[in-house]
Each structure stands twice: as C-alpha cells, then as structure tokens.
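Here is what each chain is made of, one letter per residue.
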Amino acid sequence: MLTAAGDDELDPVVGPESATEAATPRVLTIISHVMEKLVARNEWLAKQTKGFGKSLEAFHGVRAPSISIAKYLERIYKYTKCSPACFVVGYVYIDRLAHKHPGSLVVSLNVHRLLVTCVMIAAKILDDVHYNNEFYARVGGVSNADLNKMELELLFLLDFRVTVSFRVFESYCFHLEKEMQLNDVVSSLKDIQPMQESLSPASTLSSLYV
C-alpha cells in the first residue's frame, strides 16, 4: 500500500496491455516540479506553525511514500492511459483547494493521495473512456475503500466545482509554460510551444466549457 510503499512495492497492475511503454508527456514533468516546490514550501510552513490544517486529513497517509511525485505521475499515466489534460485539470483542483482551504497544506503525507484522486476525477470529466475507482486504487497503491472516501471528500471540499472552462484551462497551460521557462525544465522555446495545442484539442475540451 502507498502509506508504506515505494515504487517497487506498489501493488502490480495486471493485464496484457498495462505495461505498454509510452513517452512521458512534458506536462507531467513540470507539474511534478511545481508540486515538489509546493510540498517543500508547505513542509517548512508546517514546521513553523506546528500543523498541517484539518481539511485534508482524509488524504493523510501513515507516512510519506518513498516514490517521488514524478515517478508517481508517470505510473498513473503509464497504466491508466488517461489524457495528459487530466493532469492539468487535476492540478487545477489542487490549486482550488489551496485557495479555498489556505490553512490546510499539501505536504508529503497527502500529496500522492491527492494527485491520484484529482487525476481520476479529471479523467471522469474529460475522457470518454476511463478506468474505474478500483483500477485507479491499484495503480495508486491505496485501497479501493480509501479512494472512494477520498473522491467524495474531494468533491465536497471543492463544492463539486469540477468543471474547468477553456479560458481557465488555457491560463493554467500558460502558467505551466512559464514555469518551464523559468526553471529550465525544457531546453528551448520551440520545445514548449506545442504543449498547449497538444493538451487542448476541441474534442478533448468540449466537455470543459461552463
């Protein structure tokens, strides 16, 4: 289970097509970088305030998983085959949580569980075909019962605001592109230019309009 596991200890995902290798989209790299910075900042804040807040307690594990955020996102993408846009929308959910519940911090104890829950909900909103909760739980290294509870908790924390307009989606893409440039995550501007286009075809985003 995720609470005590590294990437080698997560429950194996079975199926003839599950292990198909796919290139990791650049957006996963930058989101993992942004989340790592957020967690590092919040861990420092938690030491100063001696607490994480209570709103995200449902996502807390017993201890921080040894698998990195980057490897965890790669695992979710590899096995669930959800669209890259799901990770952007999942990031939007986490940002909304941070603004709505500023006293509750995204830290190493909860970030992995938040990510798998957010991406799963985003896949249900965005993708025509997606795996069920049980499969996401196996991929994420949590129990199905826990993931069901976290999904419901997240929906209430967000007041069920899980739709993302094209304008908002676009603004987050621009924000991530800026992070790429500022942190030299990619080598040149020509590498990041297609990112937004690859994430936002009309067929993928039609369900995002509000």
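- Labelled according to an unreviewed UniProt entry, the protein chain appears under the name Cyclin, originating from Arabidopsis thaliana x Arabidopsis arenosa.
- Reading the Sequence similarities (unreviewed entry) entry of the UniProt record for the protein chain gives the comment "Belongs to the cyclin family. Cyclin U/P subfamily."

### With respect to the packing of helix α4 (residues 111-126) against helix α5 (residues 133-140)
Phase 1 of the analysis: Where α4 contacts α5, the axes come no closer than 11 Å and their chain directions differ by 145°. α4 and α5 meet at a crossing whose hand is right-handed. From α4, Val116, Met120, Ala123 and Lys124 reach across to α5, where they touch Asn133, Tyr136 and Gly140.
Phase 2 of the analysis: Of the residues that constitute the contact of α4 with α5, the class distribution is four nonpolar, two polar and one charged.

### A closer look at helix α6 (residues 144-157)
Phase 1 of the analysis: Helix length check: α6 (14 residues) gives 20 Å between terminal C-alpha atoms against 20 Å at 1.5 Å per residue, within 8%.
Phase 2 of the analysis: In the segment just after α6, Asp159 is the residue with positive phi, at about 55°.

### Regarding the packing of α4 against α6
Phase 1 of the analysis: For the pair α4 and α6, interaxial distance at closest approach is 10 Å and the crossing angle is 75°. Between α4 and α6, the crossing angle belongs to the class labelled roughly perpendicular. Judged by residue contacts, Arg113, Leu114, Val116, Thr117, Cys118, Met120, Ile121 and Lys124 of α4 engage Asp146, Leu147, Met150, Glu151, Leu154 and Leu155 from α6.
Phase 2 of the analysis: Residues that form the contact of α4 with α6 fall into these classes: nine nonpolar, one polar and four charged.

Cut-offs and rules
- For every chain, the first residue of its written sequence is number 1, and the numbers climb from 1 along that sequence.
- Local features are withheld for residues below a pLDDT of 70 in this predicted model, meaning they are given only at 70 or higher, and side-chain atom pairs are given and counted only at 80 or more; totals for whole chains, interfaces and linings count all residues.
- Note that water and hydrogens are dropped before the side-chain values are worked out from all heavy atoms of the structure.
- UniProt positions are given in the numbering used here, feature names are shortened, and annotations may be inferred rather than shown by experiment.
- Note on definitions: angles span 0 to 180 degrees between N-to-C directions of axes, and those axes are lines fitted to C-alpha atoms, for helices only across the stretch in contact.
- Each helix is a run of DSSP H or I of at least 4 residues and each strand a run of E of at least 2, with the numbering of both proceeding from the N terminus.
- Less than a right angle of anticlockwise turn of the near helix away from the far helix marks a crossing as left-handed, whereas a clockwise turn marks it as right-handed.
- Contact definition: two residues touch when any of their heavy atoms are within 4.5 Å.
- Under the convention adopted here, Pro, Cys and the residues Ala, Val, Leu, Ile, Met, Phe, Trp and Tyr are nonpolar, Asp, Glu, Lys and Arg are charged, and Gly plus all remaining residues are polar.
- One fewer than the residue count of a helix, multiplied by 1.5 Å, yields its expected span.
- Roughly parallel means an angle under 35 degrees; roughly antiparallel, over 145; roughly perpendicular, 65 to 115; everything else is oblique.

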